[in-house]
Structures are given as structure tokens and as C-alpha cells.
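Structural features, examined
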Amino acid sequence: MKPPNQTRTSTTQNSSIQHLRPRTENSRDHLTTVTETGKRIWLYPKATTGRFTRYRAALAWVLLGLLFGLPWLEVQGHPVFLFNLLERRFIFFGVEFFPQDFHLVAIGLLSFMVFIMGFTVLYGRVWCGWACPQTVFMEFVFRKIEVFIEGDHHARRRLDAAPWSGETILKKTAKHGLFFLVSFAIANTFLAYFIGKEALLGIMTDNPFRHFGALSAMLIFTAVFYAVFAYLREIVCTVICPYGRLQGVLFDKKTIQVAYDSLRGEPRGRRLRNTDHGMRIENTFPKNTLYPHGPQSAIALPKSGDCVDCTLCVQVCPTGIDIRNGSQMECIGCTACMDACDEVMVKIQRPTGLIRYASTEGIEQGKPLRVTSRTLAYSAVLLGLLGVLAYLLLTRAPLETTLLRAPGLTYQQAPGGMVSNLYTVEFVNKTTQPRLVRLRLVNQPGARLEWVGASLTLAPGEVTKGTFFVKIPYNALTERVLTLKLDVLGADGQPIDQVSTKFLGPVR
Ligand code: SF4
Ligand code: SF4
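Residues numbered from 1 in each chain as written. Chains lettered and ligands numbered in written order. Predicted model: local features only at pLDDT ≥ 70, side-chain atom pairs only at ≥ 80, totals over all residues. Heavy atoms only, no water.

**Quick word on the confidence of the model for the protein**
Of the residues in the protein, 89% have a pLDDT of 70 or more, and the chain-wide mean is 83. Contacts from residues 1-16, a stretch scored under 50 in pLDDT, to residues over four places away or in other chains number 31 contacts. Across residues 278-302, confidence stays below pLDDT 50; counting only partners more than four residues off in sequence or on other chains, it has 37 contacts. (pLDDT = per-residue confidence, 0-100. Contact = heavy atoms within 4.5 Å.)

Dropping the structure here:
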């Protein structure tokens, strides 16, 4: 007999997409969304309701608000976030970073990677299910538009399987038109993070032919986002995303993930509503026939599991897997199956949580989810990493000073019995305010500092070089090589940094 998931295809609109059910049997061995001949199986996930869906929706709207709002926010006239690669301007949370801060970026990236790995070992794919832009946009923007226009899963499947008609053309045009508009909005927002809102507004309001490059970038981004959300969809999570590919090596038996409690759920099967637990109707009875031979015909079986094999958890899955087959790399931890199953459990008057957040070990040993010493230790390390990163960012000097003796020169005899050395200094003003730069000699009595040219005033974000002499009376030179210390003074005359250098004198 033909398996139930391979029953229909004939009148599909698009021959490259197969309107079959996902191949969820033995799904740990193969991609469920690809036929044996390698054709894609298009997914029609059923919409879910339930507490996790509500929590995720609330978070999604907050994240979307932040994503679309942050490029327009300013602090003291400067953007809160900017990643301008061309002009090498990088602003995180209102703090501007410069190429000279590369070490911070390197430490930040390393900490971030360790954090991601530790977090995944501990909490699985919580990021993917709750906060990844791919999931947030797919499930809470594009899927919502699709359901609004084409209806829920059955209606969408019917529409795609039916021959082209006026209704199909209307719905598809409306859906893809909206998809394109949203993709265009995302592309514009994306661009605003790179070039800043002023530049973006300038492009939008100016003659388009004068901004050919930027407009091309905008259209390319739009096309990429449109392709991702209209066609690629779950393929991004199950095949393309490198983080998704890493799950196999990061997960262990203690990792918390969305899991089916097979101890409680098996043996699965249809059951009579309101019968005692342990009674069920065999699946071979025709669908919707609860009492084919009268109520007495219900067959008493040894204790049956709580899973009534309604397949709702499979129908809602956006990656087309059956979580009852065990932990799978394609599971993005979206919790849709948890909500769907909880709804069923409530209906059949069984405890919710047949599919829940749990570790493989917890399921196997029948233990509830608990905060363990491992969880606490890992969490402490993760918090420590974040703390180190925050400390580095918060204690970053507002002015970076690099002081060098002028190359190729030793010392010069100056009038008045003085010995002088020439220095070059480079300042990076890492603030958003102009800054007057001053240096003060600290440890050499009788020494003088003389700028060549005017003293320096740095514009925000400016890198400036200056030259100055240090002159020391010959009689005050106690050694041929002295170590000089210089305070870098802030606007209020207080030292904000200290630098040191060598002073060369004649052999004594
Ligand atoms: S939703 Fe729950 S009861 Fe229904 S098939 Fe899935 S695990 Fe079983
Ligand atoms: S198995 Fe459940 S949590 Fe995992 S992707 Fe499918 S619906 Fe989401």
C-alpha cells in the first residue's frame, strides 16, 4: 500500500516543488522535506496557538520593533548602531569603535563564539526558536501574511494543488506583492544600519540615477530577503545555516531541547475520549468511527501511552519533522509542537508537557527538568564572559595615544644648555565630542615640552598626528637613556591616560 504521505501530486502548479507530506518515517536518516528522487517537498505548517506561541509572538514584536527602530534612534546626534564598512565607522549602543579597537572586536568575537557554544550546549536551539531573525520574520511576518491571504494549511495546500484560476492569481499576486514590500522594508532597514539614516533618506529623496550603487544594493538585498522568505524558508535552518549544522557536535544528553516524552507517550494510538486511561480504539477502525460495534467493542489493551497519534505535532512543524522520532538536527526549537500537543492533552484530560523542554537524559530517566550544578557552572562561565566583554567596552579609553621617538634621530643640542629629542604622537578621539589634546611631563624636573605648530584639537572620531620636542637641561641628565612619563590631560585638566617613552642624551 502507498504510504499516506505520498498520495497526491498530480495537479501541482510548480513542478519543481512537490506537494507531498514530509517523509517523517525514520526521519533521523534523511531530510524529511526531500523526496527519494531529490525533489523538494513544500511544507504547509498548520498555524498554532498556545502559551509558547503567545510568548514567542510577544518577543518577536519587541525584536521587530528594535530592528526597525534602532537605525532611526540617536544619542547626542549620533546613531545608536552603525556598521559603516566603507567609511570604517562602527557604533554599538552609541559607542563608536575605530579600526584601532580591532583587539576589542577580536576579543568580542571570540567571547561571542564561546558564549554561543556554551549556550547551545546548555540550552540547545533556544536562539533559533525564539530570537533568530529568520524564524522571527518567517513565522511572525511572512507566514502570517500567507495565512491571512491564502488561509491555513489545508486551504494553502488545496490552492497550490488546484489548477490556475482567477482566485489563485489574485491571492498569489497579493501574497508575493506583500512579500516583496516587506523584503524591501527589511533591505532598507538593513542598509540604514550600514550607511546611516541620513544617507538612506538622502538616497530615497534624491534623483535615483545619482545613487545607482546604493539602489542596486537595496534591490539585491530585497531580492535575497524575498528569496529567503518566499522560497528557501526552512532550508535556511536545516541546510544553509552553519549554526544549525553545529548542533550535532554541540548537543549532548544533558542539553535542554524540545523533546517528546516517549516513556509517557508510547505506545501511541487513538483512544476513546473519556475512557479510562489504558483503553483505546485500534487505529484500523475507519476514521471518526469511535464505536464500530458498540461501546463494548473498545478493546482493552495493556496500558497505552498518552500520544493519541493525532500527528498535530507534525502538522505544525515548520521544518517538517516528527519530534516523536527523537532529537533531530532539523528541529529549531520553535515550540509549535509543544503548543499543539498541550492542546491535545487538555482535550483528552491528560497532563500537558508530553512534548516539552527536557534533556534526552531527563526523558530517558523520567526526571523533571531541574537546575543542575552543570547548568549553574556553565551559566556562570557565560555570564563571566559577558562581564569581561562589558568591562573591556566600558573601560575603553576615550582617547588613544601612540607616542614614538622620531625615527632616525638621537638627540640634539639646543640653545641654553638644553638637550632635545623629537617625538611624534598620534591621537584617536574615540568620543563624539571635539577634544583639545594636551600632554604634561610627569617625572623629569626642569624638562620642557614644546609643540611644533599649534596644539591639537581633535574632531569627533578624528585621528591626528602631532610633533613636539622635549628639552631637558644637560646638567639634569643623570643617565644616557631616560624613561619619560607623560600624562594625557582631559578637557578638565585631569589625566585620562599616561604614556611613556625614552629620552636619549649624550654619553656622560
Ligand atoms: S500532538 Fe501529541 S498526541 Fe498528537 S501525535 Fe503529537 S505527540 Fe502524539
Ligand atoms: S519539532 Fe517542534 S520545536 Fe522542533 S521545529 Fe518542529 S515544531 Fe518546532
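There's more to say after this.
**Re the site of ligand 2**
Taken together, 13 residues are adjacent to ligand 2, and Cys317, Cys331, Ile332, Cys334 and Cys337 come closest. In terms of residue class, the shell around ligand 2 is built from 10 nonpolar, three polar and no charged. (Near = heavy atom within 4 Å. Nonpolar A, V, L, I, M, F, W, Y, C, P; charged D, E, K, R; others polar.)

**Describing the packing of helix 6 (residues 166-195) against helix 7 (residues 197-205)**
When two helices pack together, their arrangement is given by the angle between the helix axes and by the axis-to-axis distance. Packing of helix 6 against helix 7 brings their axes to within 7 Å, and their N-to-C directions diverge by 125°. Relative to helix 7, the element helix 6 is oriented oblique. For the pair helix 6 and helix 7, contact is made by Asn188, Leu191, Ala192 and Ile195 and by Lys197, Ala199, Leu200, Ile203 and Met204, respectively. The class makeup of the residues in the contact of helix 6 with helix 7 is seven nonpolar, one polar and one charged. (Axes fitted to C-alpha atoms, helices over the stretch in contact; angles between N-to-C directions. Helix = DSSP H or I, 4+ residues; strand = E, 2+ residues; numbered from the N terminus. Parallel < 35°, antiparallel > 145°, perpendicular 65-115°, else oblique.)

**Considerations on the sheet that holds strand 15 (residues 435-441)**
Strand order in the open sheet formed by four strands is 17-15-19-20, and the pairing between neighbours is antiparallel. The open sheet has two free edges, formed respectively by strand 17 (456-458) and strand 20 (495-504), since each of these has just one partner strand. Strand after strand, the sheet turns through a mean of 35° between neighbouring axes, direction not considered. Of the pairings in the sheet, the one linking strand 15 to strand 17 comprises three bridges and is antiparallel in character. In the strand pairing of strand 17, Arg435 is matched with Leu458. (Pairing = 2+ DSSP bridges.)

**Describing a nonpolar patch on the surface**
Nonpolar side chains collect at one region of the surface, where Leu59, Val62 and Leu66 lie side by side and expose about 230 Å² of accessible area between them. Turning to its location among the elements, Val62 is positioned in helix 1 (residues 51-69). (Patch = residues over 30% accessible without salt bridge, like charges linked within 9 Å, V, L, I, M, F, W, Y side chains within 5 Å. Areas by Shrake-Rupley, 256 points an atom, 1.4 Å probe, with all protein chains shown as cover. Salt bridge = Lys/Arg side-chain N within 4 Å of Asp/Glu carboxyl O.)

**What to know about the sheet that holds strand 6 (residues 89-92)**
Ordered by their spatial adjacency, three strands build an open sheet running 5-6-7, and the pairing between neighbours is antiparallel. Whereas interior strands pair on both sides, the edge strands pair on one side only; in this sheet they are strand 5 (82-84) and strand 7 (95-97). Across the sheet, the mean angle from the axis of one strand to that of its neighbour is 25°, orientation sign disregarded. Of the strand pairs in this sheet, strand 6 and strand 7 are connected by three bridges, and their pairing is antiparallel.

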